[in-house]
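Survey of secondary and tertiary structure
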Amino acid sequence: MALIKELDTGTPIRVSGTTVTLTIDGERITVPAGTSVMAAASLKGTKIPKLCATDALEAFGSCRMCLVEIEGRRGTPASCTTPAEDNMVVKTQTDRLAKLRRGVMELYISDHPLNCLTCSANGDCELQDTAGQVGLREVRYGYNGENHTHAPTDSSNPYFTFESSKCIVCSRCVRACEEVQGTFALTIQGRGFDSKVSPGGMDFFSSECVSCGACVQACPTATLNEKSVIAMGHPEHSEVTTCAYCGVGCSFKAEMQGDKVVRMVPFKDGKANEGHSCVKGRFAYGYATHKDRITKPMIRAKITDPWQEVTWAEAIAHAASEFKRIQAQYGRDSIGGITSSRCTNEETYLVQKLVRAGFGNNNVDTCARVCHSPTGYGLKVTVGTSAGTQDFASVDHADVILVIGANPTDGHPVFASRMKKRIRAGARLIVADPRKIDLVKSPHIRADYHLPLKPGSNVALINAFGHVVVTEGLVNETYVRERCDLDAFEGWARFIADERHAPEAVEAITGVPAADLRAAARLYATGGNSAIFYGLGVTEHSQGSTMVMGMANLAMATGNIGRAGVGVNPLRGQNNVQGSCDMGSFPHELPGYRHVSDDATRHMFESLWGVTLQNAPGLRINNMLDEAVDGSFKGLYIQGEDIAQSDPDTQHVTAGLRAMECIVIQDIFLNETAKYAHVFLPGSSFLEKDGTFTNAERRISRVRKVMAPLGGLADWEGTMALSNALGYPMDYSHPGQIMDEIAKLTPTFSGVSYGKLEELGSIQWPCNEAAPDGTPMMHVERFVSGKGKFMMTEFTATEERTGPRFPLILTTGRILSQYNVGAQTRRTANSSWHEEDVLEIHPFDAENRGINEGDLVALVSRSGDTSLKARISERMQPGVVYTTFHHAKTGANVITTDYSDWATNCPEYKVTAVQVRKTNRPSDWQAKFYEEDISLTRMAAKLEAAE
């Protein structure tokens, strides 16, 4: 396939209900009102020369290259800043314009290095192209005057260089940082001839730059250029695919040389990201070809034995033989499977099908349950669908934004940029978070209210919001009468109006001043379109499901579901959390969230799959581990998941894994769980397979293979081989066939096909006869369940309590540069920004313990202990400490407990009672980890030497 070239209209095409018709170079064209002359010309195929203009940014009008003549007007206005008007007559090519453009271009070239043949942007340089377009043949001013051609190059960023000698000060990078990213890290320093782009007077790496790549994308010369392009040269073909990091689901062009990725470029037509990106999706793809990749199947009899490389056929035969032996010895329910939120919909579907049809039980679970299962439960019982209500674009219409238990700038940065743009345009912001996250206060953004609630008090907080709404007469009565179950509402209203839910009554529980809570609740209820965005700080609690129901109650009571700018919106952590849930990865649900006990649904699957299915739920991950310790659960197939690092109470997890007789891991690296595995099947990265991901807004997008699987098979092919070896036949030649089967069996996917995805680009489910092109916004005229149902949300304090031994509360989260357990990002230059996890602690708590910045501290809980460096931070509130979990050596989940959500068993990662003290050594668990790590390194070296 050729390199995909996207049209750049120079300025954005406006969305307008009215149009204007003008004449450009003798041809009539009709465009939306507000569209510039430049963009109108571009739409009809006329390319007006430009340097400072690009359609990702608003018009700037500084380069003076895009001059045109307009009948009846004096001078030569810039086409980028001139709106098209009815009956306007424009000329883009005249002798006068040609002379003016060449004169301007001479000035640019007289102060620009002329090493085009050796320049990294040769062939991909707008300055070079424009010089040719205007017919520049000489520079009358010469090249010997004062210039900037020997200005320094900044190579501090690990992914791109800033070659200032080639900068034409068009300001595109500065404007991209402001308008697209919203970081404001770049500025123009000096005036006139001394003007220059600067990252705040320091190098790029030390600056506030977040390495999203917007500046690189916007640069028209080689000034900002990817180091991969400098090293490899230009790509020669490309393919559009979907990022495999967070739940935003950005579309990218993988630009290639043969089977090598040169760069990942955000795709302008990507509906989730609209041409924007973050440091992970844009640059951190190198893990896919990292030297740590395991590309040969391996087996071993005991976990203390060295791995032995074998063929795929031998590995599959061994795994199937062991699973058959275990079931014959211990019973049908003695094995199970775990799906991954990082794998495709099709791969996830096949794993749960293998478990149900091939293993003959419902012992299937997913990492999605340990993060967002309360979302599915809470939204299903209130509004009828286990998914968010809006698309990302809806935030553009929000007047009030409530962010609770989420840190979008770190966890979902592309969406955060869109949110920040709306806030800069006037939307009001409420942040409920134990920490002062970036959204509380950062350049050009400041929350109206920061509610620094104590971890574990979410439900008390949301109930207080509801209390204010009900007792102060702020209920949208018309909406409630028309859209909701009145009996349920009246019961909830009586419950929530009780004084025990008043802001003053819960102040001691939440730690939030009653006056601030009241004011924030009033703002949410009366501020216009109010939207809730939430993350794992909501779901990963013992009352996660209760909290989701509480947010849905609040949104329904104020009429904030069913139109643009409102809604209850989960920000999913991993790329396919939504999809893994949709595909039936829970032990009690078949694809489409239908319970296994429903006879009609089960019979439909039985008819197509040709087997009899169990009608009782199987085991969740924690149940599998419990039964493994007890001796009755013996075998596990895990695709693309690392429960030994990501699941809570690590020592219990590893005890369960150690007790099993056959664990089959399918992954791209030897992860922590692989230490306990008996069969290792090489996994495939997102670059090595076809399929689909479903993002946080229910958007199904294509994943396209750009290179052959390094391990020989894509993940879905490995699952299929294992199923066939077990005696349950699967025969698919392409993931498109798997999606066709999903569509037959899943009502919300019934209209989805690869053909339709090619046609539309992406589809938001439900996609069926009623919505053949998908559903961007849910619950518009009615709730999926008919009437919205208010649920009782009694606050119950977590069983995890602080006390004299453990006086602090530990909560956890993510950081921008790293992703989840770090298996991918730690194998990229992203570790330049985050080499290790640290413990954030408030100065008061640090001083009381004699802790200084950078000290090694012991973090101790009832479950275990670990050691890490301290970072003293005003972001924290006294009594609360915080760490990330991206580095396996940290062992953050050695500390967390086995408490979980009452409805879904989602672990309570966010509330752990701890003590912190200075130490001078790693914990015992870490010492053992380092010893095992050295052993694995030696083993990998032996395997590499054998090759």
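Notes on the structure in this doc start here. Not measured: the values here are computed from a predicted model.

We now examine the sheet that holds strand 1 (residues 19–24). Strand order in the open sheet formed by four strands is 2-1-4-3, and the pairing between neighbours is mixed. Looking at strand neighbours, the two that pair on one side only are strand 2 (27–32) and strand 3 (69–70), the edges of this open sheet. Looking at chain direction, strand 1 and strand 2 are connected through six bridges and run antiparallel. Each residue of the ladder has a partner; that of valine 20, found in strand 2, is valine 31.

Within the secondary structure, serine 861 is located in strand 34 (residues 856–861). The spatial distance from the C-alpha of serine 861 to the C-alpha of glutamate 835 is 24 Å, given a sequence separation of 26 residues. Beyond its immediate chain neighbours, meaning those up to four positions away, serine 861 contacts Phe806, Ile895, Thr912, Ala913 and Val914. At 3.0 Å, the side chain of serine 861 and the backbone nitrogen of serine 863 are in polar contact.

A large share of strand 1 lies buried, amounting to five of its six residues. Turn length for the strand 1-strand 2 hairpin, with the two strands adjacent in sequence and antiparallel, is two residues, and the turn residue aspartate 25 shows positive phi of about 50°. Of the strand pairs in this sheet, strand 1 and strand 4 (residues 89–91) are connected by two bridges, and their pairing is parallel. Looking at strand 4, one finds that isoleucine 24 is bridged to valine 90.

This brings us to empty space enclosed by the protein. All chains considered together, the criterion is met by 10 cavities of 30 Å³ or more. Space inside the largest cavity adds up to approximately 390 Å³. Along its surface, the largest cavity is lined by 28 residues, and Gly405, Ala406, Gly537, Thr812 and Lys910 are the ones closest to its centre. Mapped onto the lining of the largest cavity, the elements with two or more residues apiece are helix 18 (536–539) and strand 32 (808–813). Sort the elements by how many residues they give to the lining of the largest cavity and strand 32 lands first, with three residues. Looking at the lining of the largest cavity, its residues break down into nine nonpolar, 13 polar and six charged. A volume near 270 Å³ is recorded for the second largest cavity.

What follows is about the sheet that holds strand 18 (residues 428–432). Taken in spatial order, the five strands line up as 21-18-17-22-23 in an open sheet, and their pairing is parallel. Each edge of the open sheet is held by one strand with a lone partner, namely strand 21 (449–451) and strand 23 (567–570). If you compare each strand with its neighbour and ignore which way they point, the axes differ by 15° on average. Across three bridges, the pairing between strand 18 and strand 21 is parallel. Looking at the pairing, isoleucine 430 lines up with tyrosine 449 of strand 21. Sheet strands in contact with helix 12 (residues 413–424) are strand 17 (400–404), strand 18 and strand 22 (530–534), and its direction is about 140° off that of strand 17. Contacting strand 17, strand 18, strand 21 and strand 22, helix 17 (residues 514–526) crosses the sheet at an angle of about 125° to strand 21.

This part is about the packing of helix 13 (residues 458–471) against helix 19 (residues 544–557). For the pair helix 13 and helix 19, interaxial distance at closest approach is 9 Å and the crossing angle is 15°. As judged from the angle between their axes, helix 13 and helix 19 are roughly parallel. Crossing geometry of helix 13 relative to helix 19 is assigned as left-handed. Contact with helix 13, carried on its side by Asn458, Val459, Ile462, Phe465, Gly466 and Val469, involves Thr546, Met547, Gly550, Met551, Leu554 and Ala557 of helix 19 and no other residues of that element. A class-by-class count of the residues in the contact of helix 13 with helix 19 yields eight nonpolar, four polar and no charged.

Below, the discussion takes up unusual backbone geometry. Leaving glycine out, the prevailing phi sign among residues is negative, and the prevailing peptide bond configuration is trans. Between tryptophan 765 and the following residue, proline 766, the backbone shows a cis peptide bond with an omega angle of 0°. Residue position: proline 766 is located in the loop between strand 31 (762–764) and strand 32. Phi is positive for arginine 64, close to 65°, though the residue is something other than glycine. Look at histidine 444: it is not a glycine, yet its phi comes out positive at around 70°. On the basis of relative accessible area, histidine 444 is assigned to the exposed category, the value being 55%.

Take a nonpolar patch on the surface next. Together, Leu7, Ile13 and Leu43 make up a nonpolar patch on the protein surface, roughly 250 Å² of accessible area in all. Tracing the sequence through the fold places leucine 7 in the segment before strand 1.

Time to look at the environment of alanine 416. Topologically, alanine 416 is positioned in helix 12. As a C-alpha pair, alanine 416 and glycine 182 span 234 residues in sequence and 8.9 Å in three-dimensional space. Beyond its immediate stretch of four places on either side in the chain, alanine 416 contacts Pro408 and Thr409.

This brings us to the nonpolar core. Phe160, Leu224, Ile401, Met419 and Leu429 are the most contacted members of the largest nonpolar core, which totals 67 residues. Discounting residues that sit within four places of it in the chain, isoleucine 401 has contacts with Val395, Met419, Arg422, Ile423, Ala427, Arg428, Leu429, Ile430, Ala531 and Phe533.

Let's shift gears to the side chain of threonine 650. Positionally, threonine 650 belongs in helix 24 (residues 650–658). Take threonine 650: its relative accessible area is 3%, and that puts it in the buried class. At a separation of 3.2 Å, a polar atom in the side chain of threonine 650 contacts the main-chain amide nitrogen of valine 894. The residues touching threonine 650, leaving out its near neighbours within four places in the chain, are Ala644, Asn893, Val894 and Trp925.

We now examine helix 9 (residues 345–359). For helix 9, built from 15 residues, the straight-helix expectation of 21 Å at 1.5 Å per residue is met to within 8% by its first-to-last C-alpha distance of 20 Å. Among the 15 residues of helix 9, 14 are classified as buried, and the element is accordingly described as predominantly covered. Directly after helix 9, the chain includes glycine 360, whose backbone phi takes a positive value near 80°.

Counted by the stated rule, this structure contains 52 salt bridges. The salt bridge partner of arginine 73 is glutamate 85, with a shortest N-O separation of 3.0 Å. Of this pair, arginine 73 sits in the loop between strand 3 and strand 4 while glutamate 85 sits in the loop between strand 3 and strand 4, and the two are 12 residues apart along the sequence. Taking the shortest distance from any N to any O, the salt bridge between arginine 481 and glutamate 477 comes out at 3.7 Å. Of this pair, arginine 481 and glutamate 477 both sit in helix 14 (residues 477–483), separated by four residues, roughly a single helical turn. What emerges from the salt-bridge pattern is a single network uniting Glu6, Asp124, Glu226, Lys253, Glu255, Arg263 and Arg282.

We now examine the layout of surface pockets. What the second largest pocket holds in volume is close to 1100 Å³. Val210, Asp410, Asp438, Leu816 and Arg875 are the residues nearest the centre of the second largest pocket, which is lined by 44 residues in total. For the lining of the second largest pocket, the secondary-structure elements that each account for two or more residues are helix 11 (408–411), helix 12, strand 19 (441–442), strand 33 (838–841) and strand 36 (880–884). For the lining of the second largest pocket, the leading source of residues is helix 12, giving four residues.

Further remarks concern the state of the cysteines. The full count for this structure, using the stated rule, is zero disulfides. Cysteine 66 supplies the cysteine sulfur nearest to cysteine 80, a cysteine that is in no disulfide, at a spacing of 3.8 Å. As a non-bridged cysteine, cysteine 212 has cysteine 215 as the owner of its nearest cysteine sulfur, 6.3 Å distant. For cysteine 212, a relative accessible area of 8% translates into the label buried.

So, on to the packing of helix 4 (residues 172–181) against helix 12. At a minimum axis distance of 8 Å, the contact between helix 4 and helix 12 shows a crossing angle of 90°. As the angle between them shows, helix 4 and helix 12 are arranged roughly perpendicular. When helix 4 is examined against helix 12, the residues Glu178, Glu179, Val180 and Gln181 are found in contact with a partner set consisting of Ser417, Lys420, Lys421 and Arg424. Residue classes in the contact of helix 4 with helix 12 are distributed as one nonpolar, two polar and five charged.

Cut-offs and rules
- Residues numbered from 1 in each chain as written.
- Predicted model: local features only at pLDDT ≥ 70, side-chain atom pairs only at ≥ 80, totals over all residues.
- Heavy atoms only, no water.
- Pairing = 2+ DSSP bridges.
- Helix = DSSP H or I, 4+ residues; strand = E, 2+ residues; numbered from the N terminus.
- Contact = heavy atoms within 4.5 Å.
- Polar contact = N/O pair within 3.5 Å; in protein donor to acceptor, adjacent residues only side chain to side chain.
- Buried < 20%, exposed > 50% of the residue type's maximum accessible area, 1.4 Å probe, protein only.
- 1 Å grid on protein atoms, 1.4 Å probe; cavity = no way out; pocket = protein on both sides within 12 Å on 5 of 7 lines; lining within 4 Å.
- Points joined across faces, edges and corners; volume = space filled by probe spheres on them.
- Nonpolar A, V, L, I, M, F, W, Y, C, P; charged D, E, K, R; others polar.
- Axes fitted to C-alpha atoms, helices over the stretch in contact; angles between N-to-C directions.
- Parallel < 35°, antiparallel > 145°, perpendicular 65-115°, else oblique.
- Left-handed = near helix turned anticlockwise from the far one by under 90°.
- Patch = residues over 30% accessible without salt bridge, like charges linked within 9 Å, V, L, I, M, F, W, Y side chains within 5 Å.
- Areas by Shrake-Rupley, 256 points an atom, 1.4 Å probe, with all protein chains shown as cover.
- Salt bridge = Lys/Arg side-chain N within 4 Å of Asp/Glu carboxyl O.
- Core = buried A, V, L, I, M, F, W, Y, C linked by side-chain atoms within 4.5 Å.
- Expected span 1.5 Å × (residues − 1).
- Disulfide = S-S within 2.5 Å.

Everything listed here is a matter of coordinates, which is why it stays silent on function.
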